[in-house]
Amino acid sequence: MDAALSEPHNGSGPAEPSVAPSPTNGTARPPSTPEGIALAYGSLLLMALLPIFFGALRSVRCARSKNASDMPETITSRDAARFPIIASCTLLGLYLFFKIFSQEYINLLLSMYFFVLGILALSHTISPIMNKFFPANFPNKQYQLLFTQGSGENKEEIVNYEFDSKDLVCLTLSSVIGVWYLLRKHWIANNLFGLAFSLNGVELLHLNNVSTGCILLGGLFVYDIFWVFGTNVMVTVAKSFEAPIKLVFPQDLLEKGLEADNFAMLGLGDIVIPGIFIALLLRFDISLKKNTHTYFYTSFVAYIFGLGLTIFIMHVFKHAQPALLYLVPACIGFPLLVALAKGEVTEMFSYESSAEILPHTPRLTHFPTVSGSPASLADSMQQKVACPRRRRPHSPSAL
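These numbers were taken from a predicted model, which means no experiment stands behind them.

## Looking at the pairing of strand S3 (residues 142-149)
Consecutive side chains along a regular strand alternate between the two faces of the sheet. Judged from the eight bridges that link them, S3 and strand S4 (residues 156-164) form a sheet pairing that is antiparallel. Across the sheet, the residue bridging to Thr148 is Glu157, located in S4.

Structure, rendered in structure tokens:
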């Protein structure tokens, strides 16, 4: 998965897989100060925790929602087992693409793709906050964007997107950030998109039970180690891939201000994958009806410990580290030890999120071949479950 590193970077380029030190590229650079390094990694840790914490809280609301357009995607054990294989094929395909075709044109297409996804994801993220600022008498008109294919009995919906005036305001604000990112590739714009992607992923992607979470994390644990230590494929793709697929923070911020260019990075995969497991444990806590969030806070602390250990190992050995190597054992092991101590292992592994909180949730039947953004996952799922002739409301939050 993508993860953290520190290297010269303009805030828009690719993230190295896992955690890595600054590479030696022949360019003389002043060494980062201890204060700058501490600020950078502390900020990355804080930014990683925000989408996990708030995304988990929003996942509970999303699970209880009866609005079809806000329904989450449920990942089953079969999906979890296939995901590392699909991710590996996608990674290898991108590697071949960058070897065969011009990197400039590929990144141009990726920039446009993530520009659109970033606007939608950021709009969904800020929508609940913005709604609090609209006055009660705000003229909230309804709109619908509908594209169909064919006619008569063969008519099929391609896009059915319903929104209102409040959504337009959020989309407009998000578009400003999108244009800023597209033109400048500034690291702050990159982070806004990255945080939005992460929060949407934790909120909208739901594991159906703890066993599925263990299968997914275990498979990606092996995936991360193999592609980081076993080959140079992930490193090559990461260095060529220009998209907001990571969070960045400059280590020389204190010296250069907002124009700093020596970045530490954290890939979104190392936020979303453990994050959806932590969100599952929060829903499990709620299902116990004990008014405590023991497993959620335990896994949250475990994530802090795992990511902190990753950064420490990287800093000591000055070598790339697959972050899931440390995050997966921590995020699974800590809650399991608590369950053993409380005698609730059976309850933990028998808990079915889709049966108890999500009775109406469709199951994810396939994964897109592009990087797993919540917008593309939601759109692909809605096309699977929608009838050809039926008009179904879609809101920006669904995307």
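## Quick notes on the side chain of Asn208
Along the chain, the position of Asn208 falls in the loop between strand S5 (205-207) and helix H6 (210-230). A distance of 3.5 Å separates a polar atom in the side chain of Asn208 from a polar atom in the side chain of Asn209. Polar contacts involving the side chain of Asn208 include one to the side chain of Thr212, which spans 2.6 Å.

## Regarding helix H4 (residues 165-184)
End to end, H4 covers 29 Å across 20 residues, agreeing with the expected 28 Å (1.5 Å per residue, within 8%). Where H4 is concerned, the buried positions are Ser165, Asp167, Cys170, Leu171, Ser174, Ile177, Gly178 and Tyr181. Capping of H4 at its N-terminal end is provided by Asp164; its side-chain oxygen lies 3.2 Å from the backbone amide nitrogen of Lys166. Within two residues after H4, Lys185 carries a phi angle of roughly 55 degrees, on the positive side.

## Details of the UniProt feature "transmembrane region" (unreviewed entry) in the protein chain
Under the UniProt annotation, the feature "transmembrane region" (unreviewed entry) is placed at residues 38-60, 80-98, 105-126, 204-229, 263-282, 294-317 and 323-341. Annotated as 100% helix and 0% strand, the span residues 105-126 places its first and last C-alpha atoms 31 Å apart. Across residues 323-341, the secondary structure splits into 95% helix and 0% strand, with the terminal C-alpha atoms separated by 27 Å.

## Things to note about a nonpolar patch on the surface
The grouping of Leu92, Leu96, Phe97, Ile100 and Phe101 at the surface amounts to a nonpolar patch, some 520 Å² of accessible area in total. With respect to the element layout, Leu96 can be found in helix H2 (residues 77-100).

## Brief notes about helix H11 (residues 324-342)
Over its 19 residues, H11 runs 27 Å from end to end, which matches the ideal 27 Å to within 8%, given 1.5 Å per residue. Within H11, the full set of buried residues consists of Leu324, Tyr326, Leu327, Val328, Ala330, Cys331, Ile332, Pro335 and Ala339. Contacts made by the buried residues of H11 are with H6, helix H9 (269-288), helix H10 (294-317) and helix H12 (345-350). Positive phi appears at Gly343, one or two residues downstream of H11, with a value of about 70 degrees.

## Observations regarding the pairing of strand S7 (residues 262-267)
Within S7, six of the six residues are buried, which leaves the element mostly enclosed by the surrounding structure. Residue alternation in S7 divides its side chains into two sets, Asn262, Ala264 and Leu266 and Phe263, Met265 and Gly267, and both sets are buried. Note that strand S6 (residues 246-250) and S7 share five bridges and pair antiparallel. Paired with Phe249 across the bridge in S7 is Ala264.

## A look at the packing of H6 against H9
Each pair of packed helices gets described by two things: the angle between the helix axes and the distance between those axes. Orientation of H6 relative to H9, taken along the N-to-C sense of each, is 165 degrees, at an axis distance of 10 Å. Between H6 and H9, the interaxial angle falls into the category roughly antiparallel. Here H6 and H9 pass one another in a crossing that is left-handed. Here H6 contributes Val210, Gly213, Cys214, Leu216, Leu217, Leu220 and Asp224 to the contact with H9, which in turn contributes Asp270, Ile273, Ile276, Phe277, Leu280 and Leu281. The class makeup of the residues in the contact of H6 with H9 is 10 nonpolar, one polar and two charged.

## Here's the deal with the confidence of the model for the protein chain
Residues of the protein chain with pLDDT of at least 70 account for 79%, and the chain-wide mean is 81. Here residues 20-26 scores under 50 on pLDDT; set against residues more than four positions off or in separate chains, the count is 20 contacts. Every residue in residues 356-399 is under pLDDT 50, and counting partners more than four places away or in other chains gives 119 contacts.

## Side note on the packing of aromatic side chains
Between two aromatic rings, the relevant description is the distance of the centres plus the angle of the planes. Scanning the model with the defined rule gives 17 aromatic pairs in all. When the ring of Tyr143 is compared with that of Phe163, the centres are 5.6 Å apart and the planes differ by 20 degrees; the resulting orientation is stacked. Of this pair, Tyr143 sits in strand S3 while Phe163 sits in strand S4, and the two are 20 residues apart along the sequence. In this structure Tyr143 comes out as partly exposed when scored by relative accessible area, which is 35%. The class of Phe163 is buried, set by a relative accessible area of 14%. Between Lys185 and the ring centre of Tyr181, over which it is positioned, the NZ or CZ distance is 5.7 Å.

About the criteria used
- Residues numbered from 1 in each chain as written.
- Predicted model: local features only at pLDDT ≥ 70, side-chain atom pairs only at ≥ 80, totals over all residues.
- Heavy atoms only, no water.
- Pairing = 2+ DSSP bridges.
- Helix = DSSP H or I, 4+ residues; strand = E, 2+ residues; numbered from the N terminus.
- Polar contact = N/O pair within 3.5 Å; in protein donor to acceptor, adjacent residues only side chain to side chain.
- Expected span 1.5 Å × (residues − 1).
- Buried < 20%, exposed > 50% of the residue type's maximum accessible area, 1.4 Å probe, protein only.
- UniProt positions renumbered as here; feature names shortened; annotations may be inferred.
- Patch = residues over 30% accessible without salt bridge, like charges linked within 9 Å, V, L, I, M, F, W, Y side chains within 5 Å.
- Areas by Shrake-Rupley, 256 points an atom, 1.4 Å probe, with all protein chains shown as cover.
- Salt bridge = Lys/Arg side-chain N within 4 Å of Asp/Glu carboxyl O.
- Contact = heavy atoms within 4.5 Å.
- Axes fitted to C-alpha atoms, helices over the stretch in contact; angles between N-to-C directions.
- Parallel < 35°, antiparallel > 145°, perpendicular 65-115°, else oblique.
- Left-handed = near helix turned anticlockwise from the far one by under 90°.
- Nonpolar A, V, L, I, M, F, W, Y, C, P; charged D, E, K, R; others polar.
- pLDDT = per-residue confidence, 0-100.
- Phe/Tyr/Trp six-rings, centres within 6.5 Å; stacked < 30°, edge-to-face > 60°.
- Lys NZ or Arg CZ within 6 Å of the ring centre and 35° of its normal.

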